Amino acid sequence: MSKIKRGQGIGALLSSIDTELQENPQEVVNTLSSTVAEIPLTQIEVNPFQPRVTFDQEALRELSESIRVHGLIQPITLRRLENEKYQLISGERRMRASIMAGLQAVPAYVRVANDQEMLEMALVENIQRQDLNAIEIALTYKRLLEECSLTHEGLSDRVAKNRSTVTNYLRLLKLPPGIQLGIKDGTITMGHARALVTVDDVAVQLLLFNQILQQGLSVRQVEQLVQQHLQPKKEAERPSFPTLGTEHRAVQEKLAAQLGAKVSLKCDKNGKGQIVIPFANHFDLNRLLDLLEK
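Figured I'd write up the structure that's included with this text. (Residues numbered from 1 in each chain as written. Predicted model: local features only at pLDDT ≥ 70, side-chain atom pairs only at ≥ 80, totals over all residues. Heavy atoms only, no water.)

## Concerning helix α3 (residues 25–33)
Reasoning step 1: Counting buried positions over the 9 residues of α3 gives 7, a clear majority of the element.
Reasoning step 2: Among all positions of α3, only E27, V28, V29, N30, T31, L32 and S33 are buried. (Buried < 20%, exposed > 50% of the residue type's maximum accessible area, 1.4 Å probe, protein only. Helix = DSSP H or I, 4+ residues; strand = E, 2+ residues; numbered from the N terminus.)

## A few points about the layout of surface pockets
Reasoning step 1: What the second largest pocket holds in volume is close to 270 Å³.
Reasoning step 2: Looking at the second largest pocket, it is lined by 18 residues, and the ones nearest its centre are S34, V36, Y109, E136 and L139.
Reasoning step 3: Top contributing element to the lining of the second largest pocket by residue count: helix α7 (residues 134–147), with 4 residues.
Reasoning step 4: Grouping the amino acids of the lining of the second largest pocket by side-chain chemistry returns 9 nonpolar, 5 polar and 4 charged. (1 Å grid on protein atoms, 1.4 Å probe; cavity = no way out; pocket = protein on both sides within 12 Å on 5 of 7 lines; lining within 4 Å. Points joined across faces, edges and corners; volume = space filled by probe spheres on them. Nonpolar A, V, L, I, M, F, W, Y, C, P; charged D, E, K, R; others polar.)

## Focus: the side chain of T140
Reasoning step 1: Looking at the secondary structure, you find T140 in helix α7.
Reasoning step 2: Residue T140 is classed as buried on the basis of its relative accessible area, which comes to 7%.
Reasoning step 3: A polar contact is formed between the side chain of T140 and the backbone oxygen of E136, at a distance of 2.9 Å.
Reasoning step 4: When residues no more than four places from it in sequence are discounted, the contact partners of T140 are L123, N126 and I127. (Polar contact = N/O pair within 3.5 Å; in protein donor to acceptor, adjacent residues only side chain to side chain. Contact = heavy atoms within 4.5 Å.)

## Quick word on the packing of helix α10 (residues 177–184) against helix α12 (residues 202–215)
Reasoning step 1: It is at 10 Å that the axes of α10 and α12 come closest, and there the two elements cross at 35°. The element α10 and its partner α12 pack so that their crossing is left-handed. Residues G178, I179 and G182 of α10 pack against Q205, L206 and F209 of α12. (Axes fitted to C-alpha atoms, helices over the stretch in contact; angles between N-to-C directions. Left-handed = near helix turned anticlockwise from the far one by under 90°.)

## Let's talk about unusual backbone geometry
Reasoning step 1: With a phi close to 55°, S149 is a non-glycine residue in the positive phi region.
Reasoning step 2: Its identity as a non-glycine residue notwithstanding, A160 has a phi of 55°, on the positive side.
Reasoning step 3: Note that A160 resides in the loop between α8 (152–159) and α9 (163–171).
Reasoning step 4: Under the relative-accessibility criterion, A160 is labelled exposed at 67%.

## Observations regarding the pairing of strand β7 (residues 273–276)
For a regular strand, side chains alternate in direction, first toward one face of the sheet and then toward the other.
Reasoning step 1: In terms of strand pairing, strand β6 (residues 264–267) meets β7 through 4 bridges, oriented antiparallel. Paired with L265 across the bridge in β7 is I275.
Reasoning step 2: Between the end of β6 and the start of β7, which pair antiparallel, lie 5 residues, with G271 showing a positive phi angle near 90°. (Pairing = 2+ DSSP bridges.)

## Notes on the pattern of salt bridges
Close approach of charged atoms allows side chains of opposite charge to pair.
Reasoning step 1: In the structure shown here, the tally under the stated rule is 7 salt bridges.
Reasoning step 2: Between R111 and E147 there is a salt bridge whose closest N-O contact spans 3.6 Å. Of this pair, R111 sits in strand β5 (residues 105–111) while E147 sits in helix α7, and the two are 36 residues apart along the sequence. With respect to burial, R111 and E147 carry one shared label: buried.
Reasoning step 3: Between R163 and E153 there is a salt bridge; the shortest N-O distance is 3.2 Å. Separated by 10 residues along the polypeptide, R163 in helix α9 and E153 in helix α8 bring together distant segments of the chain. (Salt bridge = Lys/Arg side-chain N within 4 Å of Asp/Glu carboxyl O.)

Below, the structure written as structure tokens:
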């Protein structure tokens, strides 16, 4: 029985895959599950049973521009049909954007027919490796969900991780490609990434990412910056104070007359509140301070 040589090129394996599958199918699946191959786009056909038929053209253009800059970060998944012929399993949007970006070949995971159980075993085994970065772990979780038809609950059971842990890894795949590359090459840590992913605005994510690179921010510092960004939203969500009663309105008007400025008095039902006195410039502020001191 022939043995797949560790370190041999994926191209060499694919060229001899029929023989290898007959003699050592589990080893073939193990190798393919953890190896990304570069497959020419001309050799890939779209799955005729793909349920998605419409794609947002503007979103495709944006993804295409990202691929031109960063390359395709998340490989597509293909099923091998015959020699130099593959059918798309998942990633049609990424493939379309790659074509728009002018790529000749794309990174892909290759599957062989009837390998469902072996693939699941190989992916679960692969996730136990110690040298995987957070993005590689997240991509493996995604493959288990999509290709092995697992639920989040089933996935957490298979990999012996809390469901929240699995979810935290999967959320990393929503980050912009540049930040995902930063996670892969160790420029930022999982802690940094978890803080960034709580921000919905991609522009703010990239701004904070650049701050981490330029200033060497710790995870704690990034968490504080994220909180500062989210704080205005929380303030806006607070319930407004009730309409002022006659007595409080009289106090507000008296203060405004004495200070010669617009005064806003707010008070809740328990008597707790605040007085807001806006000023136009430094001179106006000093004027108000003089009046308050008197």
